[in-house]
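# Fold and geometry: a report
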Amino acid sequence: MLSAKGSPLIAGGTVSNETMADTSKRVKVLRAFYHLGKVQAVGSIVDLPNAVAAEVLEMNKAVLYTAPPKVEAEKVEPVEKVQHVKGSKK
């Protein structure tokens, strides 16, 4: 059975905190644009409200940003140096 009890579209309904938990999106700027009177420079990573993020994503001015995974560097053991003696043949 479907219930519209928590739907904000129903008169008297309220939006729950769970619904509003994700109210912004992190995007990477591809083409500069203004937000709140400030220029968002190309290459910058900004948090935008969902409505604004949807607009800039649709206009191809930004892409959703996902942080690159952290990769631990492998520990490499040093290689022994080989000394060559002048005049010796191999």
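Okay, so let's go over this structure. (Residues numbered from 1 in each chain as written. Predicted model: local features only at pLDDT ≥ 70, side-chain atom pairs only at ≥ 80, totals over all residues. Heavy atoms only, no water.)

On a regular strand, each side chain points to the face opposite its neighbour's, so the side chains alternate between the two faces of the sheet. Bridge count for strand β1 (residues 24-29) against strand β4 (residues 45-49) is five bridges, and the pairing is antiparallel. Note on β4: the bridge partner recorded for Ser-24 is Pro-49. Sheet analysis places β1 next to strand β5 (residues 62-64), joined by three bridges and oriented antiparallel. By the bridge assignment for β5, Val-27 is matched with Leu-64. (Pairing = 2+ DSSP bridges. Helix = DSSP H or I, 4+ residues; strand = E, 2+ residues; numbered from the N terminus.)

A few words on the pattern of salt bridges. Summed over the entire model, instances satisfying the criterion amount to one salt bridge. Ionic pairing is found between Arg-26 and Asp-47, a salt bridge with its closest N-O pair at 2.9 Å. Here Arg-26 is found in strand β1, whereas its partner Asp-47 is found in strand β4, with 21 residues between them in sequence. (Salt bridge = Lys/Arg side-chain N within 4 Å of Asp/Glu carboxyl O.)

Relative to the elements of secondary structure, His-35 occurs in strand β2 (residues 33-35). In this view, His-35 contacts Gln-40, Leu-48, Pro-49 and Val-52; residues no more than four positions away in its chain are not counted. (Contact = heavy atoms within 4.5 Å.)

This paragraph deals with the side chain of Gln-40. Along the polypeptide, Gln-40 turns up in strand β3 (residues 38-40). Beyond its immediate sequence surroundings of up to four residues, Gln-40 is in contact with Val-29, Ala-32, Phe-33, His-35 and Val-46.

Right, let's get into the sheet that holds β5. With respect to topology, three strands assemble into an open sheet ordered β4-β1-β5, the strand pairing being antiparallel. One side of each edge strand has no neighbouring strand; the edge strands of this open sheet are β4 and β5. Going across the sheet, the axis of each strand differs from the next one's by a mean of 45 degrees, ignoring polarity. Each of β1, β4 and β5 touches helix α1 (residues 50-58); the most contacted strand, β4, lies at about 120 degrees to it. (Axes fitted to C-alpha atoms, helices over the stretch in contact; angles between N-to-C directions.)

Another aspect to go through is the nonpolar core. Considering soluble globular proteins, one finds that nonpolar side chains tend to be buried as a cluster. With eight residues, the main nonpolar core is built from Val-27, Val-29, Phe-33, Val-46, Leu-48, Ala-53, Val-56 and Ala-62. For this core, the secondary-structure elements that each account for two or more residues are β1, β4 and α1. The residues touching Val-46, leaving out its near neighbours within four places in the chain, are Lys-25, Arg-26, Val-27, Val-29 and Gln-40. (Core = buried A, V, L, I, M, F, W, Y, C linked by side-chain atoms within 4.5 Å. Buried < 20%, exposed > 50% of the residue type's maximum accessible area, 1.4 Å probe, protein only.)

Once that is clear, we can look at unusual backbone geometry. Located in the positive-phi region is Leu-36, a residue other than glycine, with phi close to 55 degrees. Here Leu-36 shows up in the loop between β2 and β3. The class of Leu-36 is exposed, set by a relative accessible area of 76%. In this model, Asn-60 sits at a positive phi of 60 degrees, which is unusual for a non-glycine residue. Tracing the chain through its elements places Asn-60 in the loop between α1 and β5.

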